[in-house]
Every structure is written in structure tokens, then in C-alpha cells.
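# Structural overview
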Amino acid sequence: KVLLTGDQVVVYDGAIREKPTDLAECRAFIAGYSDAPCATVGAVCLHSLASGRRLIGIHEAAVHFDPIPDHVVDQLIHRDGDALLRCAGGLMVEHPLVQPYVRRVDGGVDSVMGLSTHLVVDLLTQLLADP
């Protein structure tokens, strides 16, 4: 048995962005992504419950957006503000209103959405290999 834990933050213009505290902050976060790319930094820890062995890894991804019109940000906040408040940086690249403005993702959409499957597979392979 293996325990997997992880967490993620968004980094924008050198500042760490956790979950927005309110819809106004969420709106400001999303509007800003039109100006410069943001990055996600995710950490994963796999812990073997049988052996006690633990491995930790970090993965970064970057999201480049085309300008997101104000009316789209307004729609997004109105329709799904509660969900956005539960996302680091208010970032939901998978949202249908956001997808048309995602120019490029470097590092994998899975990583941006919270868990790099590549990293998990690499760590799991190492963890299950003979020490």
C-alpha cells in the first residue's frame, strides 16, 4: 500500500498565489493571466506503508494565455465563482470559458490541474523498485 499526498500553488510574476480569498481577488488573478504566463508548482509525496520509504518530487508547468476579455472573466466568476475559490490562483484551464484563451501549456495539463501523472509514475516506479 502506498499513500500519496500532494499540493500545488500558482506562481505569477514572482508571487505565490494560493486559493483566492474572495471573488474580487479571483477576478484580479484571472484578469492578470492575460498579461504574462503563470506557472504551477506541484509537490507529490509517495510513502510506502509497508517499508516506510518515502519519495518526494516537484513538477512545474507553465500556462500561456491569450487576452481574456473582461466579459468572459465576469461570466466565469458569475457561473463558477465558488469552484474558482477552491483552486490555487483561481486557475481552471479545463473550464469551457477559459479553454479558448489557453494558448499553450508547457509541462502537461494534468500538472496544471493539480497532479503530474508523469511525476507520480516516476516516483512510484522508484518506490516499488528494490532499495
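This write-up is about the structure you can find in this document. Everything quoted here is computed from the prediction, not taken from an experiment.

### Quick look at the side chain of Arg17
- On the secondary structure map, Arg17 appears in strand 2 (residues 15-17).
- Buried within the structure, Arg17 lacks any salt-bridge partner; Glu25 is the closest side chain of opposite charge, at an N-O distance of 7.2 Å.
- At 3.4 Å, the side chain of Arg17 and the side chain of Tyr33 are in polar contact.
- Setting aside residues up to four positions removed in sequence, Arg17 forms contacts with Val9, Val10, Tyr12, Phe29, Tyr33, Ala88 and Gly89.

### Topic: empty space enclosed by the protein
- Evaluated as defined, the whole model comprises two cavities of 30 Å³ or more.
- Approximately 70 Å³ is the volume attributed to the largest cavity.
- Elements supplying a minimum of two residues to the lining of the largest cavity: strand 1 (2-12) and strand 3 (38-48).
- Empty space within the second largest cavity amounts to approximately 40 Å³.
- Around the second largest cavity sit Ile30, Tyr33, Phe65, Ile68, Leu76, Gly90, Leu91, Met92 and Val98, which together line it.
- Classifying every residue of the lining of the second largest cavity by side-chain character gives eight nonpolar, one polar and no charged.

### Quick word on the packing of aromatic side chains
- Tallying each qualifying case throughout the model produces two aromatic pairs.
- Taking 5.6 Å as the distance between ring centres and 75 degrees as the angle between the ring planes, the aromatic pair formed by Tyr12 and Tyr33 counts as edge-to-face. Of this pair, Tyr12 sits in strand 1 while Tyr33 sits in the loop between helix 1 (23-32) and strand 3, placing them 21 residues apart in sequence. Taken individually, Tyr12 and Tyr33 each receive the classification buried, so the pair is uniform in this respect.
- Here the aromatic rings of Tyr33 and Phe65 are separated by 5.9 Å at their centres, their planes lie at 20 degrees, and the arrangement is stacked.

### Points about the sheet that holds strand 2
- Taken in spatial order, the five strands line up as 2-1-3-4-5 in an open sheet, and their pairing is antiparallel. Sheet topology places strand 2 and strand 5 (102-106) at the edges, where each strand pairs with a single neighbour. Pairwise comparison of adjacent strand axes, ignoring direction, gives a mean angle of 30 degrees for this sheet.
- In this sheet, strand 2 lies alongside strand 1 in antiparallel orientation, the contact comprising three bridges.

### So, the side chain of Ser34
- The residue Ser34 is located in the loop between helix 1 and strand 3 in this model.
- There is a polar contact of 2.6 Å between the side chain of Ser34 and the backbone nitrogen of Ile68.
- If we skip the residues at most four places from it in the chain, Ser34 touches Phe65, Asp66, Pro67 and Ile68.

### Examining the environment of Gly89
- Structurally, the position occupied by Gly89 is in the loop between helix 2 (70-84) and strand 5.
- What makes Gly89 buried here is its relative accessible area of 0%.
- Taking the C-alpha atoms as reference, Gly89 lies 8.6 Å from Tyr12; in sequence the two are 77 residues apart.
- Apart from residues no more than four positions distant in its own chain, Gly89 is found in contact with Val10, Arg17, Glu18, Lys19, Pro20, Phe29 and Tyr33.

Calculation rules
- Position labels on residues start from 1 in each chain and follow its written sequence.
- Whole-chain, interface and lining totals are the exception, using all residues; otherwise, since this is a predicted model, local features are given only for residues with pLDDT of at least 70 and side-chain atom pairs are given and counted only at 80 or more.
- By convention in this description, side-chain values take in all heavy atoms of the structure and omit both hydrogens and water.
- Every helix listed is a DSSP run of H or I at least four residues long, and every strand listed is a run of E at least two residues long, numbered separately from the N terminus.
- The buried label goes to any residue with under 20% of its type's maximum accessible area, the exposed label to any with over 50%, and the partly exposed label to all in between, with areas taken from a 1.4 Å probe on protein chains only.
- Only four residue types enter the tally: Lys and Arg on the positive side, Asp and Glu on the negative side, with His and both chain ends excluded.
- Each reported salt bridge corresponds to a side-chain nitrogen of Lys or Arg within 4 Å of a carboxyl oxygen of Asp or Glu.
- Any pair of N or O atoms that falls within 3.5 Å is considered a polar contact. Within protein, one atom must be able to donate a hydrogen and the other to accept it, and sequence-neighbouring residues count only if both atoms are side-chain atoms.
- We call two residues contacting when some pair of their heavy atoms lies within 4.5 Å.
- The rule is simple: put a 1 Å grid over the protein atoms alone, call a set of points where a 1.4 Å probe fits but cannot get out a cavity, call an open set with protein on both sides within 12 Å along at least five of seven lines a pocket, and count a residue as lining if it has an atom within 4 Å of a point.
- Grid points are joined across faces, edges and corners, and a volume is the space filled by probe spheres set on the points.
- Polar here means any residue outside two lists: the nonpolar Ala, Val, Leu, Ile, Met, Phe, Trp, Tyr, Cys and Pro, and the charged Asp, Glu, Lys and Arg; Gly therefore counts as polar.
- Whether two aromatic rings pair depends on their centres lying within 6.5 Å, for rings of Phe, Tyr and Trp, where Trp uses its six-membered ring; planes under 30 degrees apart make the pair stacked, over 60 edge-to-face, and the rest tilted.
- Pairing between strands requires that DSSP locate at least two bridges from one strand to the other.
- The convention used is that axes are lines fitted to C-alpha atoms, helices contributing only their stretch in contact, and that angles between N-to-C directions extend from 0 to 180 degrees.

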